[in-house]
Amino acid sequence: DTAVSQTPKYLVTQMGNDKSIKCEQNLGHDTMYWYKQDSKKFLKIMFSYNNKELIINETVPNRFSPKSPDKAHLNLHINSLELGDSAVYFCASSLGAGGTGELFFGEGSRLTVL
Amino acid sequence: SQQGEEDPQALSIQEGENATMNCSYKTSINNLQWYRQNSGRGLVHLILIRSNEREKHSGRLRVTLDTSKKSSSLLITASRAADTASYFCATDRPTPLVFGKGTRLSVIA
């Protein structure tokens, strides 16, 4: 069983479109994250949810909206896609918040905006 | 906000040699973690070291932490081709978890 699974793995779309990436974890963790990894491999935190509540919201454009229907799921919706949104987006989860324990990552969703 | 900075950015060694990567950070921390990322894959946790620890071992991995210098090092002994990957340090402050840009390790068989 995959611990943290995200779909789709690849996403190619045109500028201006709206797209969503879904993430699910079956580890029973309370905290979930979205990270963005750019072409230079720099990994930047975007959002974090703890028990469905938003606890971290880094400087991310309003076009990005996370949604957590329950603590096992954290989806990322992106409106009006721009070229600069092209990146690999990683979902992760951890047992607690605050960076006290290890993060479990999904395999990533590579978004290409044309 | 970026916290950790790994050094070197890239490292190429022969199989069997040791590989050392360094990480420097800016603010005080409670713990520091190291992760590995194989090409095209997600990050995998390697080891966590707390601020009151100076050294930790896990198999062929040895991690040190010097809070006075705000730095950590990851040593991989007797490297193997399968160790080829990017290695990232991550801190729990200022925002958990903040990653560096990583060190790209290439182990040549």
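Scroll up to find the structure.
Please read all numbers here as calculations on a predicted model, not as lab measurements.

Reading the values: the criteria
Residues numbered from 1 in each chain as written. Chains lettered and ligands numbered in written order. Predicted model: local features only at pLDDT ≥ 70, side-chain atom pairs only at ≥ 80, totals over all residues. Heavy atoms only, no water. Helix = DSSP H or I, 4+ residues; strand = E, 2+ residues; numbered from the N terminus. Rg over C-alpha atoms; globule rule 2.2 N^0.38 Å. Buried < 20%, exposed > 50% of the residue type's maximum accessible area, 1.4 Å probe, protein only. Pairing = 2+ DSSP bridges. Axes fitted to C-alpha atoms, helices over the stretch in contact; angles between N-to-C directions. Phe/Tyr/Trp six-rings, centres within 6.5 Å; stacked < 30°, edge-to-face > 60°. Disulfide = S-S within 2.5 Å.

(A) Molecular detail of the overall build of chain A. Counting its secondary structure elements, chain A contains zero helices and eleven strands. In terms of C-alpha radius of gyration, chain A reaches 13 Å, essentially the compact-globule figure of 13 Å for 114 residues. Projecting the C-alpha coordinates of chain A onto the three principal axes gives extents of approximately 35 × 30 × 30 Å. The buried share of chain A, taken over its 114 residues, is 44%.

(B) Region of the structure containing the sheet that holds strand 3 (residues 19–25) of chain A. Residue and element names in this part refer to chain A. The antiparallel open sheet is built from four strands, whose spatial order is 1-3-8-7. Only two strands of the sheet have a single partner each, and these edge strands are strand 1 (4–7) and strand 7 (64–70). Adjacent strand axes in the sheet meet at a mean angle of 15° when their direction is disregarded. Pairing analysis gives four bridges linking strand 1 to strand 3, with the strands arranged antiparallel. What sits directly across from Thr7, in strand 3, is Lys22.

(C) Just the packing of aromatic side chains, in detail. Overall, the coordinates contain nine aromatic pairs over all chains when judged by the stated rule. Seen from their ring centres, A:Tyr35 and B:Phe99 are 5.4 Å apart, and the 90° between their planes marks the pair as edge-to-face. Of this pair, A:Tyr35 sits in strand 4 (residues 31–37) while B:Phe99 is found in strand 10 (residues 98–99), placing the two residues in two different chains. In terms of burial, A:Tyr35 and B:Phe99 fall into one category: buried.

(D) View of the state of the cysteines. According to the stated counting rule, one finds two disulfides over all chains in the structure shown. Two residues, A:Cys23 and A:Cys91, share a disulfide whose sulfurs are 1.8 Å apart. Taking the sign of the S-S torsion, about -75° here, the bridge from A:Cys23 to A:Cys91 comes out left-handed. Residue A:Cys23 is located in strand 3, and its partner A:Cys91 is located in strand 9 (residues 87–94); the two are separated by 68 residues in the primary sequence. You can call A:Cys91 buried: its relative accessible area is 0%. The disulfide bridge from B:Cys23 ends at B:Cys89, spanning 2.0 Å between sulfur atoms. Of note, the bridge from B:Cys23 to B:Cys89 carries an S-S torsion of about 70° and is right-handed in sense. With a gap of 66 residues between them, B:Cys23 in strand 3 (residues 19–24) and B:Cys89 in strand 9 (residues 85–91) connect regions that are remote in the sequence.

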